[in-house]
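Listed below, chain by chain, are the residues.
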Amino acid sequence: MLTTIAARRSAAVFRSMAPLSTWAAVPAGPPDPILGITEAFKADQDPRKINLGVGAYRDENGKPYVLNAVKKAEEKIVAAKQDKEYLAITGLASFAQNAAKLAYGVDSEPLKQNAVSVAQSISGTGALRIGGAFMARHYPHAKVIYLPTPTWGNHMPLFRDSGLEVRRYRYFDSKTVGLDFAGMKEDIKNAPEGAIVLLHACAHNPTGVDPTQQQWKELSDLVAEKKLFPFFDMAYQGFASGSTTRDAFAVRHFVSQGHRIALCQSFAKNMGLYGERVGAFSLTTQDEEEKKRIDSQIKIIIRPMYSNPPLHGARIANTILSDPEFYQEWEGEVKGMAGRIINMRDRLYDLLTHELRTPGEWGHIKSQIGMFSFTGLKTEQCQLLAEKAHIYMTLDGRISMAGLNGSNIEYFAQSVDAAVRGNL
């Protein structure tokens, strides 16, 4: 008995004398708001529950959707019995070139002149990280990047971690639930000469509000006048309007006007390759000699970061982009996904405006584009929708239109109507 007591005292003394953990001062980070929504949704047992926070496409039955073109491409890849060797630092060369053609267009002058430096990336996030690091290291002018307010939540930490100073420009007008084009132009005009400006090429995340083609032309002129550097994030080509050509208008117009641009592409949304992490980063250059120098520096950035990108997803995307039959089927499926979301926008607008006569103006539901919509709902209304109606969205009122379908859209509209009227 005495031996046991002595042993316990000895252990307690040892613990009190032990040094603090090396990581004792590391604070807990804030929870991810999107993951928190998903966790709350999963824990909810109500059969009416709806998750409108997830940034991934869902079919009419609310299920993840694997494109037929992707399935066929995978079958072709498996049948070819290819090896699993490492890719080059800049990835699968044929995929990179086909990704550039998709973005810039086959008639793009920089592509014809072999003056586009392209590297496969770990989806759009990886492309942004490569681009941020390259600009911080090699951009000869102001190491300042202007982001729209609001923007994708990962943009700010990503560019800060890359070594760039982050500033903001006005974009969304909460009063009109639309584009604050005058404020956007004023802030861009007041940016220091040579600054970098991030532009969402299409389907602005999180608002779903895009400039018109005429407004893009004005922005191109303004960027040229101020000698700014346009840095495009294009995560939704084809997924926004259903047309890969229409969604690439801004990128192609800027290039046609002589701008040197940076471009980040993702194939998560438009090919449904979320977990495959397929993307590309590119820079338009003066000529082939300059391109080769930039290629070499991009490799130097990538090599210590992750060495080389994953293989399988790039093979899938490249098989689709390089096979005319697969490409045609893929374009049809992209149009179908975009069309379903557009139909949900039309139906929601009709429900709120005509059938329920919900107070407020809801035209922005139809005028916005892409996966997301800024509903204009207030924080307390979003909280009530989660607590009372089991409908989960971010507290700024952003919803994923892909989470709506024929089975739940009426319940969602009725719940929104009740929340707006204050009787939920």
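Our subject is the structure that appears above.
Residues numbered from 1 in each chain as written. Predicted model: local features only at pLDDT ≥ 70, side-chain atom pairs only at ≥ 80, totals over all residues. Heavy atoms only, no water.

### Examining the packing of aromatic side chains
And step 1. By the definition in use, this model includes 13 aromatic pairs.
And step 2. Note that Lys49 overlies the ring of Phe41, its terminal NZ or CZ placed 4.5 Å from the centroid.
And step 3. Above the face of the Phe372 ring, Arg398 is positioned so that its terminal group lies 3.8 Å from the ring centre. (Phe/Tyr/Trp six-rings, centres within 6.5 Å; stacked < 30°, edge-to-face > 60°. Lys NZ or Arg CZ within 6 Å of the ring centre and 35° of its normal.)

### A few points about the packing of helix 3 (residues 68–80) against helix 15 (residues 324–355)
And step 1. At a minimum axis distance of 8 Å, the contact between helix 3 and helix 15 shows a crossing angle of 150°. Here helix 3 lies roughly antiparallel to helix 15, going by the angle between them. When helix 3 is examined against helix 15, the residues Asn68, Ala69, Lys72, Ala73 and Lys76 are found in contact with a partner set consisting of Phe326, Glu329, Trp330 and Glu333.
And step 2. Partitioned by chemical class, the residues of the contact of helix 3 with helix 15 number 4 nonpolar, 1 polar and 4 charged. (Axes fitted to C-alpha atoms, helices over the stretch in contact; angles between N-to-C directions. Helix = DSSP H or I, 4+ residues; strand = E, 2+ residues; numbered from the N terminus. Parallel < 35°, antiparallel > 145°, perpendicular 65-115°, else oblique. Contact = heavy atoms within 4.5 Å. Nonpolar A, V, L, I, M, F, W, Y, C, P; charged D, E, K, R; others polar.)

### A short note on the layout of surface pockets
And step 1. One number sums up the size of the largest pocket: a volume of about 970 Å³.
And step 2. Put simply, the parts of the chain that give the lining of the largest pocket at least two residues each are helix 2 (33–43), helix 6 (123–138), strand 8 (229–234) and helix 12 (268–271).
And step 3. The residue inventory of the lining of the largest pocket, partitioned by class, reads 16 nonpolar, 15 polar and 6 charged.
And step 4. There is about 470 Å³ of room inside the second largest pocket.
And step 5. For the lining of the second largest pocket, the secondary-structure elements that each account for two or more residues are helix 6, strand 8, strand 10 (278–284) and helix 13 (288–306).
And step 6. If you tally residues by element for the lining of the second largest pocket, the top one is helix 13, at 4 residues.
And step 7. A per-class count over the lining of the second largest pocket returns 9 nonpolar, 8 polar and 4 charged. (1 Å grid on protein atoms, 1.4 Å probe; cavity = no way out; pocket = protein on both sides within 12 Å on 5 of 7 lines; lining within 4 Å. Points joined across faces, edges and corners; volume = space filled by probe spheres on them.)

### Examining helix 8 (residues 181–189)
And step 1. Three or more residues of helix 8 are buried, namely Phe181, Gly183, Met184, Asp187 and Ile188. Seen end-on, helix 8 carries its buried residues on one side only, within an arc spanning 160°.
And step 2. Here the buried face of helix 8 lies against strand 4 (165–170), strand 6 (178–179), strand 7 (196–200) and helix 9 (213–225). (Buried < 20%, exposed > 50% of the residue type's maximum accessible area, 1.4 Å probe, protein only. Arc of directions from axis to C-beta.)

### Some thoughts on the pattern of salt bridges
And step 1. Within the structure shown, the criterion is met by 15 salt bridges.
And step 2. The salt bridge partner of Arg340 is Glu60, with a shortest N-O separation of 3.5 Å. Pair noted here: Arg340 is in helix 15 and Glu60 is in the loop between strand 1 (50–51) and helix 3, with a separation of 280 residues, a long-range link.
And step 3. By relative accessible area, which is 10% here, Arg340 ends up buried.
And step 4. The exposure class of Glu60 is partly exposed, given its relative accessible area of 34%.
And step 5. What emerges from the salt-bridge pattern is a single network uniting Arg170, Glu186 and Asp187. (Salt bridge = Lys/Arg side-chain N within 4 Å of Asp/Glu carboxyl O.)

### A word on the environment of Arg347
And step 1. Structurally, Arg347 can be placed in helix 15.
And step 2. Counting along the chain gives 19 residues from Arg347 to Lys366, while the straight-line C-alpha distance between them is 9.3 Å.
And step 3. Here Arg347 is in contact with Glu355, Ile409 and Glu410, once residues within four sequence places are set aside.

### A word on unusual backbone geometry
And step 1. The omega angle of the peptide bond from Thr149 to Pro150 is 0°, so this bond is cis rather than trans.
And step 2. Relative to the helices and strands, Pro150 resides in the loop between strand 3 (144–149) and helix 7 (155–162).
And step 3. Cis peptide bonds are those with omega within 30 degrees of zero, and the linkage from Asn205 to Pro206 qualifies with 25°.
And step 4. Along the chain, the position of Pro206 falls in the loop between strand 7 and helix 9.

### Remarks on the nonpolar core
And step 1. Ranked by size, the top nonpolar core spans 99 residues in total, and within it Tyr104, Phe232 and Phe412 carry the most contacts.
And step 2. The element best represented in this core is helix 15, accounting for 10 residues.
And step 3. In terms of nonpolar packing, the next biggest core, distinct from the first, is built from 27 residues, Leu164, Leu198, Ile294 and Ile298 among them. (Core = buried A, V, L, I, M, F, W, Y, C linked by side-chain atoms within 4.5 Å.)

### Re the state of the cysteines
And step 1. Applying the stated rule across the entire model yields 0 disulfides.
And step 2. Here Cys202 stays unpaired: no disulfide links it, and the sulfur of Cys264, its closest cysteine neighbor, is 13 Å away.
And step 3. When its relative accessible area of 4% is taken as the criterion, Cys202 is described as buried. (Disulfide = S-S within 2.5 Å.)

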